[in-house]
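Each chain is listed here by its residues.
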Amino acid sequence: MSAIEATLAESAALADTRASLPELIEAAEALTAHITDLLPAAEEEVDGMWRGGREWCGRRARLDIVRRHAAADMPLSPLSAQVHVALLRRDCEWLLEHYGAGLTGAAS
């Protein structure tokens, strides 16, 4: 299991519990670090696509959303923090699903 997969599993386990704010902050930091590692390669691939095409527009928009989630401040409310971690986990999963073969080695 890669480091990213382990982080995803740990953050998914937090969703099923009443995780403490420090646990959620730690999970968010780990997920954000993985996203930061994965985004450049994903953006490079998207930038190589035909600009203006439907596929390019959709992928470009999704990467912009991922970047915004990763840059957002960690909420201090436990429920909001749990939602934030869930969004970051979803973003990591999306990056792995669409660019996984080329990215898992980059993040190790």
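Residues numbered from 1 in each chain as written. Predicted model: local features only at pLDDT ≥ 70, side-chain atom pairs only at ≥ 80, totals over all residues. Heavy atoms only, no water.

A.B. asks: Go over the overall build of the chain, please, and point to the residues and values.
C.D. replies: When helices and strands are counted, the chain shows four helices and zero strands. Shown N-terminal to C-terminal, the secondary structure of the chain runs as helices and strands in the order α-α-α-α. For the chain, the C-alpha radius of gyration of 14 Å lies close to 13 Å, the compact-globule estimate for 108 residues. Taken along its principal axes, the extent of the C-alpha atoms in the chain is 45 × 30 × 20 Å. When the 108 residues of the chain are sorted by exposure, 38% land in the buried category. A separation threshold of at least 6 residues defines the contact pool for the chain, and within that pool the share at least 24 residues apart is 67%. Within the structure as shown, the chain displays about 6,300 Å² of accessible surface, and the carbon and sulfur contribution to it stands at 55%. Positive and negative charge centroids in the chain, built from 10 and 17 side chains respectively, lie 9 Å apart. (Helix = DSSP H or I, 4+ residues; strand = E, 2+ residues; numbered from the N terminus. Rg over C-alpha atoms; globule rule 2.2 N^0.38 Å. Buried < 20%, exposed > 50% of the residue type's maximum accessible area, 1.4 Å probe, protein only. Contact = heavy atoms within 4.5 Å. Areas by Shrake-Rupley, 256 points an atom, 1.4 Å probe, with all protein chains shown as cover. Lys, Arg positive; Asp, Glu negative; His and termini not counted. Charge placed at Lys NZ, Arg CZ, Asp CG, Glu CD.)

A.B. asks: So what about the pattern of salt bridges? Which residues, and what values?
C.D. replies: Scanning all chains against the criterion turns up seven salt bridges. Asp47 is the salt-bridge partner of Arg51, the closest N and O atoms lying 3.8 Å from each other. Overall, Arg51 belongs to the exposed group, its relative accessible area being 51%. Here the salt bridges do not stand alone but share partners, grouping Glu43, Asp47, Arg51, Arg60, Asp64 and Arg67 into one network. (Salt bridge = Lys/Arg side-chain N within 4 Å of Asp/Glu carboxyl O.)

A.B. asks: Account for the packing of aromatic side chains, naming residues and giving values.
C.D. replies: Aromatic ring pairs: the centre-centre distance and the angle between the two ring planes describe each pair. Counted under the stated rule, the structure contains one aromatic pair. Seen from their ring centres, Trp94 and Tyr99 are 5.8 Å apart, and the 70° between their planes marks the pair as edge-to-face. The residue whose ring lies beneath Arg62 is Trp94, and the NZ or CZ to ring-centre distance is 5.1 Å. (Phe/Tyr/Trp six-rings, centres within 6.5 Å; stacked < 30°, edge-to-face > 60°. Lys NZ or Arg CZ within 6 Å of the ring centre and 35° of its normal.)

A.B. asks: I'd like a description of the packing of helix 2 (residues 21-47) against helix 3 (residues 54-71), backed by residues and values.
C.D. replies: Contact geometry of helix 2 with helix 3 gives a least axis separation of 10 Å together with a crossing angle of 160°. When the axes of helix 2 and helix 3 are compared, the pair comes out roughly antiparallel. Crossing of helix 2 over helix 3 shows left-handed handedness. Within the contact between the two elements, helix 2 uses Thr32, Ile35, Leu39, Ala42, Glu43, Val46 and Asp47 and helix 3 uses Trp56, Arg59, Arg60, Leu63, Val66, Arg67 and Ala70. Split into classes, the residues belonging to the contact of helix 2 with helix 3 amount to eight nonpolar, one polar and five charged. (Axes fitted to C-alpha atoms, helices over the stretch in contact; angles between N-to-C directions. Parallel < 35°, antiparallel > 145°, perpendicular 65-115°, else oblique. Left-handed = near helix turned anticlockwise from the far one by under 90°. Nonpolar A, V, L, I, M, F, W, Y, C, P; charged D, E, K, R; others polar.)

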